[in-house]
Amino acid sequence: MGHKYTGRTFIVEILAIALGLVFLVPFYYVVSNSLKPFAEILTNTSALPKVFQFENYVQAFEKLDYLNVFTNSLIITVSSNIVLVIFCSMAAYMLVRTKKKISNVIFMSFVAAMIIPFQSIMIPLIKTAGNFGLLNSMWGLVIMYLGFGSGMTIFLYHGFIKGIPVELEEAAIIDGCSRFGVFWRIVFPLLKPITVTIVILNSLWIWNDFLLPSLVLQDPELRTIPLATFFFFGQYTKQWDLALAALVLGIIPLLIFFFSMQKHIIKGITSGSIK
Amino acid sequence: MNSQSNVKEVDGSVIVSETTKHKTESKPFLSKKKLKNAGLFTLFVGPVFLAFTLIVLIPFFTGIYYAFTDWNGVTGSVQWVGLDNFKYLLFEDKQFHASFILTTKYTVVAIVLTNAIGFGLALLVTQMLKTSNILRTVFFMPNLLGGLLLGFIWQFIFVKGFASIGELTGIPLFELAWLGDAKTAFWGIVIVSVWQGAGYIMIIYIAALQNVPQELIEAARIDGANRWQVLRHITMPLVAPAVTICLFLTTASSFKIFDANLSLTNGGPFKSTEMLALNIYTEAFVNNRYGIGEAKALIFFLIVAAISVLQVTISKKREVES
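Residues numbered from 1 in each chain as written. Chains lettered and ligands numbered in written order. Predicted model: local features only at pLDDT ≥ 70, side-chain atom pairs only at ≥ 80, totals over all residues. Heavy atoms only, no water.

## Considerations on the overall build of chain A
Okay, so step 1: Check the secondary structure of chain A and you find 13 helices and 0 strands.
Okay, so step 2: Going residue by residue from the N terminus, the α and β elements of chain A occur as α-α-α-α-α-α-α-α-α-α-α-α-α.
Okay, so step 3: In terms of overall dimensions, chain A is more spread out than a globule: its C-alpha atoms have a radius of gyration of 24 Å, far above the 19 Å expected for 275 residues.
Okay, so step 4: When its C-alpha atoms are laid out on the principal axes, chain A stretches across 75 × 65 × 35 Å.
Okay, so step 5: Looking at chain A residue by residue over its 275 residues, the buried ones come to 53%.
Okay, so step 6: Intrachain contacts of chain A at a sequence separation of at least 6 include 72% that bridge at least 24 residues.
Okay, so step 7: Of the roughly 12,300 Å² of accessible surface on chain A, 70% is carried by carbon and sulfur atoms.
Okay, so step 8: In chain A, which carries 19 positive and 13 negative side-chain charges, the distance between the mean positions of the two groups comes to 12 Å. (Helix = DSSP H or I, 4+ residues; strand = E, 2+ residues; numbered from the N terminus. Rg over C-alpha atoms; globule rule 2.2 N^0.38 Å. Buried < 20%, exposed > 50% of the residue type's maximum accessible area, 1.4 Å probe, protein only. Contact = heavy atoms within 4.5 Å. Areas by Shrake-Rupley, 256 points an atom, 1.4 Å probe, with all protein chains shown as cover. Lys, Arg positive; Asp, Glu negative; His and termini not counted. Charge placed at Lys NZ, Arg CZ, Asp CG, Glu CD.)

This is the structure:
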């Protein structure tokens, strides 16, 4: 592009940085106050902590049962991703390669259901889920994420698989490879770029989801990070020292995820939104 | 018929081409090959379709049925009441009306602000700034956190942070009890959702802006167009498809807002900031009036569906035009 860095650009830059700082102000308040004793939060909210003390974190960590809660979130997010990727890629592949009416009907029903808002399903879902023993179990929740995530995941896989030439598979079949083998050995490895996008989009959604797990997981032992944060805030209202430390503990895993996958996340969002 | 099966073969479906070959050899109604293919189809599509049916389809359709009943979720008795629930919602449920109007108002404000700020941020970081990459990250970061955590973060900002800034600067805007008053609490929710959504929308606008050919802009500049004219007559028309996408993305997400609403104000003070999704939730799981909750959910669905259908038609139309 070869633009010169002019005085005007400099002014724009200053403005942009100021705006960036405004965006960061809430994080500053939460993090700096989470390191203060309670009295100091009330008297000196805006200042940096006089002494950095991690006492709040030690307490919040224990009271949140953080290790357990973190593990729950991790198990649920990882297993949901695994089942979504396996079953949706298989289904999308078969739906693309079987040129029959039924493939179209099934595909369209997955896509059409994407517009149903969760609130329109949740009430009967909780009842049906009770009948099938899916309530109060992580596996029940994972099956629900498979159901809710299937629309978008199949949609993205379907679009991608349509662009893969069929000749490769034909050659493998002539060589005596089974359909199952063809899919897992030849097609699935080619799906890697879209799989990365799908895993990122689904991970952010599932990790942050609050409403569904709050309806499904009643046992405190099973709580995820958003659930535990919610109950913690309810229990320690106005006890900002503990609440803020708990909040930061909830934010940290997301930041680590973001900074280790930044490029993929930005790419995933761009390609995922322009469907 | 013949030409059709040829097309299918060219299209490349291994299954279809094999079955058609088989057909010419023998004519049993269900050949072995066909059975095997049906089995494979079920094996590949079956598991996720089963989960989808169980989790999405069945609850969705039974939900429509429950909207016409007096189901309370606790006792087993479910009585058909016809249109009573809808009549109640239409003529009596003042809170539902208030939530509906509030959600519409909120959606309009959130769409305009999120898109305007998101577009502005995209323009900013696509200038040749030295800090472009860092700023992109900063603007996007709030989007990572779910609405629940964001609401709690801002609860602290509005309650303690603003008070402290007000004390230090004496600006009256910061001295208000933001979450204690219906009007400011509404704007509180708007601020949180714009803070979260602008960075997301920015990412999409950045992608669109980067596709605008630089030569066009330079040519216009040489011809004497000023920055505003370039933006108005060259950049804006070229990013119009992205604008459509972003408008609908923000419409759908704003209309369905729940998490931030719950964690920031929980509908308060006195239910004055209770948006539709929260209203449905309260009706069903707090008041235990599942039938009425379902009727609300059905209306909610129809609105969201109408928005989505409109979106698809408009983007299809645009595709044809271009």
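## What about a nonpolar patch on the surface?
All names here are of chain A.
Okay, so step 1: Together, Y5, F10, I11, I14 and L15 make up an exposed nonpolar region whose accessible area comes to about 510 Å².
Okay, so step 2: In this structure, I14 sits in helix α1 (residues 7–34).
Okay, so step 3: We classify I14 as partly exposed; its relative accessible area is 45%. (Patch = residues over 30% accessible without salt bridge, like charges linked within 9 Å, V, L, I, M, F, W, Y side chains within 5 Å. Salt bridge = Lys/Arg side-chain N within 4 Å of Asp/Glu carboxyl O.)

## As for the interface of chain A and chain B
Okay, so step 1: Contacts between the two partners involve 91 residues from chain A, matched on the other side by 87 residues from chain B.
Okay, so step 2: Here chain A packs against chain B, burying approximately 8,500 Å² in sum over the two surfaces, 81% of which is carbon and sulfur.
Okay, so step 3: Remark: the boundary between chain A and chain B carries 0 salt bridges. (Buried area = accessible area lost by both parts, 1.4 Å probe.)

## Things to note about the side chain of T128(A)
Okay, so step 1: Among the structural elements, T128(A) can be located in helix α6 (residues 122–131).
Okay, so step 2: For T128(A), the side chain forms a polar contact with the main-chain oxygen of P124(A), separated by 2.6 Å.
Okay, so step 3: In contact with T128(A), other than residues within four places in its own chain, are I58(B) and P59(B). (Polar contact = N/O pair within 3.5 Å; in protein donor to acceptor, adjacent residues only side chain to side chain.)

## Comments concerning helix α14 (residues 276–286) of chain B
Residue and element names in this part refer to chain B.
Okay, so step 1: Most of α14 is tucked away: 9 of the 11 residues are buried.
Okay, so step 2: Residues of α14 that are buried: L276, A277, L278, N279, I280, Y281, T282, E283 and A284.
Okay, so step 3: Phi turns positive one or two residues past the end of α14, at N288, with a value near 55°.

## Some points on the nonpolar core
Okay, so step 1: Of all hydrophobic cores here, the largest spans 181 residues; its most connected members are I154(A), Y157(A), L145(B), I153(B) and W154(B).
Okay, so step 2: The biggest single contributor to this core is helix α9 (residues 182–210) of chain B, with 15 residues.
Okay, so step 3: Filtering out sequence-adjacent residues up to four positions away, I153(B) remains in contact with P26(A), F27(A), V30(A), L247(A), I251(A) and L145(B). (Core = buried A, V, L, I, M, F, W, Y, C linked by side-chain atoms within 4.5 Å.)

## What about the environment of T43(A)?
Residue and element names in this part refer to chain A.
Okay, so step 1: You can see T43 is positioned in helix α2 (residues 38–43).
Okay, so step 2: Classification of T43 as exposed rests on a relative accessible area of 59%.
Okay, so step 3: A polar contact of 3.1 Å, which involves the side chain of T43, links it to the backbone oxygen of A39.

## A look at the packing of aromatic side chains
Okay, so step 1: Per the stated rule, a full pass over the model turns up 50 aromatic pairs over all chains.
Okay, so step 2: Between F110(A) and F49(B), the aromatic rings sit 5.8 Å apart at their centres with planes inclined by 80°, giving edge-to-face as the arrangement. In this pair, F110(A) is assigned in helix α5 (residues 101–112) and F49(B) in helix α3 (residues 32–66), connecting two distinct chains.
Okay, so step 3: Relative accessible area serves as the criterion here: at 0%, F110(A) is assigned to the buried category.
Okay, so step 4: Overall, F49(B) belongs to the partly exposed group, its relative accessible area being 27%.
Okay, so step 5: Look at F49(B) and F52(B): their rings are 6.0 Å apart centre to centre, the planes differ by 40°, and that puts the pair in the tilted class. With F49(B) and F52(B) both in helix α3 and 3 residues apart, this pair spans about one turn of that helix.
Okay, so step 6: Members of the aromatic cluster, each reached through a chain of ring pairs, are Y65(B), Y66(B), F68(B), W71(B), W80(B), F86(B), F258(B), Y281(B), F285(B) and Y290(B). (Phe/Tyr/Trp six-rings, centres within 6.5 Å; stacked < 30°, edge-to-face > 60°.)

## With respect to the packing of helix α9 (residues 179–190) of chain A against α3(B)
Okay, so step 1: One way to put it is that α9(A) packs onto α3(B) with a least axis distance of 11 Å and a crossing angle of 40°. On α3(B), the residues that touch R179(A), F180(A) and F183(A) of α9(A) are L40(B), L43(B) and F44(B).
Okay, so step 2: Residues of the contact of α9(A) with α3(B), tallied by class, amount to 5 nonpolar, no polar and 1 charged. (Axes fitted to C-alpha atoms, helices over the stretch in contact; angles between N-to-C directions. Nonpolar A, V, L, I, M, F, W, Y, C, P; charged D, E, K, R; others polar.)

## Details of the confidence of the model for chain B
All names here are of chain B.
Okay, so step 1: Taken as a whole, chain B shows an average pLDDT of 84; of its residues, 89% reach a score of 70 or greater.
Okay, so step 2: Summarising per-element confidence for chain B, the mean pLDDT is lowest in helix α1 (residues 2–11) (39) and highest in helix α5 (residues 94–125) (93).
Okay, so step 3: Counting contacts from residues 1–26, a segment whose pLDDT is below 50, to residues more than four positions away or on other chains yields 28 contacts. (pLDDT = per-residue confidence, 0-100.)

## Description of the pattern of salt bridges
Okay, so step 1: One pass over the structure, following the stated rule, counts 5 salt bridges over all chains.
Okay, so step 2: A salt bridge links R97(A) to E169(A), with the shortest nitrogen-to-oxygen separation between them at 2.9 Å. Placement of R97(A) in helix α4 (residues 66–97) and of E169(A) in helix α8 (residues 167–174) is noted, with a sequence separation of 72 residues between them. Like R97(A), the residue E169(A) is buried in the burial classification.
Okay, so step 3: Via salt bridges that share partners, D93(B), E283(B), R289(B) and K296(B) belong to a single interconnected network.

## What to know about the side chain of E274(B)
All names here are of chain B.
Okay, so step 1: With respect to the helices and strands, the residue E274 is situated in the loop between α13 (259–264) and α14.
Okay, so step 2: Here K271 takes part through its side chain, which lies 3.0 Å from a polar atom of the side chain of E274.
Okay, so step 3: At 2.8 Å, the side chain of E274 forms a polar contact with the side chain of N279.

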